[in-house]
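# Structure assessment
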Amino acid sequence: MDDRHEQEEIYSQRIKAGKRTYFFDVKATRGQDYYLTITESKRRMNGDDSVSYEKHKIFLYKEDFLKFVDALQDAVDYVREELLTAEEVAELDRPREFDDRDKPRQDFDRPAFDPNKSDDNY
């Protein structure tokens with residue numbers, strides 16, 4: 001891995017979800033402008049019994065973080081409040097055990113992202 005690539009990756013978290021794995025990676029441009037990539041990776045078996053991965057990636061720039069978090073929370077709230085039964089909501093709220101690989105990996109001591117703070121507060 002070259003030095004530029006190492007400097008670029010600041011934070012990474014992997015979430016395993018059935019046949020899919022989601023990666024949340026914070027990266028920096030050369031000018032230290034931060035952005036988030038969200039990657040969905042899905043394992044596929046090929047006809048010749050080999051394995052490949054289908055990947056989809058979203059780039060989210062820091063100026064859009066709050067809008068994205070708000071929209072995601074609104075969508076989750078809608079599903080919970082309007083579409084799910086009380087039993088399904090209870091299942092979602094059940095404590096889960098996480099694999100150590102699902103824990104965040106941080107290379108630097110940085111404050112956690114707070115969607116209620118603007119860039120002016122740092």
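Everything numeric in this text was worked out from a predicted model, so none of it was measured.

Cut-offs used in this document
- Residues numbered from 1 in each chain as written.
- Predicted model: local features only at pLDDT ≥ 70, side-chain atom pairs only at ≥ 80, totals over all residues.
- Heavy atoms only, no water.
- Helix = DSSP H or I, 4+ residues; strand = E, 2+ residues; numbered from the N terminus.
- Buried < 20%, exposed > 50% of the residue type's maximum accessible area, 1.4 Å probe, protein only.
- Contact = heavy atoms within 4.5 Å.
- Pairing = 2+ DSSP bridges.
- Phe/Tyr/Trp six-rings, centres within 6.5 Å; stacked < 30°, edge-to-face > 60°.
- pLDDT = per-residue confidence, 0-100.
- Patch = residues over 30% accessible without salt bridge, like charges linked within 9 Å, V, L, I, M, F, W, Y side chains within 5 Å.
- Areas by Shrake-Rupley, 256 points an atom, 1.4 Å probe, with all protein chains shown as cover.
- Salt bridge = Lys/Arg side-chain N within 4 Å of Asp/Glu carboxyl O.

Moving on, we come to the overall build of the protein. From N to C terminus, the protein includes three helices and five strands. Each of the 122 residues in the protein was classed as buried or not, and the buried ones make up 16%. A separation of at least 24 residues holds for 32% of the contacts in the protein among residues at least 6 apart in sequence.

Moving on, we get to the pairing of strand β2 (residues 20-28). In this sheet, β2 lies alongside strand β1 (residues 9-17) in antiparallel orientation, the contact comprising eight bridges. Paired with Lys-16 across the bridge in β2 is Thr-21. Between the end of β1 and the start of β2, which pair antiparallel, lie two residues, with Gly-18 showing a positive phi angle near 65 degrees. In terms of strand pairing, β2 meets strand β3 (residues 34-45) through nine bridges, oriented antiparallel. Across the sheet, the residue bridging to Lys-27 is Tyr-35, located in β3. Where β2 folds back on β3, the antiparallel hairpin that results is connected by five residues, among which Gln-32 adopts a positive phi of roughly 60 degrees.

This part is about the packing of aromatic side chains. By convention here, two paired aromatic rings are described through the distance between centres and the angle between planes. Within this structure, the stated rule accounts for two aromatic pairs. Members of the aromatic cluster, joined through ring pairs, are Tyr-35, Phe-59 and Tyr-61.

With that settled, consider the confidence of the model for the protein. Note that predicted coordinates carrying low pLDDT should not be read in detail. Scored by pLDDT, the protein comes out at a mean of 82, with 73% of its residues at no less than 70. Taken element by element, the protein is modelled with least confidence in helix α1 (residues 3-8), mean pLDDT 49, and with most confidence in helix α2 (residues 65-83), mean pLDDT 96.

Position of Phe-65 among the secondary structure elements: in helix α2. On a C-alpha basis, the gap between Phe-65 and Leu-36 in space is 8.6 Å, while along the polypeptide they are 29 residues apart.

A surface patch of nonpolar side chains, about 310 Å² in accessible area, is lined by Met-45, Val-51 and Tyr-53. Tracing the backbone through its elements, the reader meets Val-51 in strand β4 (residues 51-61).

Structurally, the position occupied by Phe-68 is in helix α2. Discounting chain neighbours no more than four positions away, the residues touching Phe-68 are Ile-38 and Leu-60.

Counted under the stated rule, the structure contains six salt bridges. Of the charged contacts, one joins Arg-20 and Glu-40 as a salt bridge, the two residues approaching to 2.7 Å between their closest N and O atoms. With Arg-20 in strand β2 and Glu-40 in strand β3, the pair connects residues that are 20 residues apart, well separated along the chain. Overall, Arg-20 belongs to the partly exposed group, its relative accessible area being 29%. The partner of Arg-80 in a salt bridge is Asp-93, and the shortest N-O contact between them spans 2.9 Å. Placement of Arg-80 in helix α2 and of Asp-93 in helix α3 (residues 86-93) is noted, with a sequence separation of 13 residues between them.

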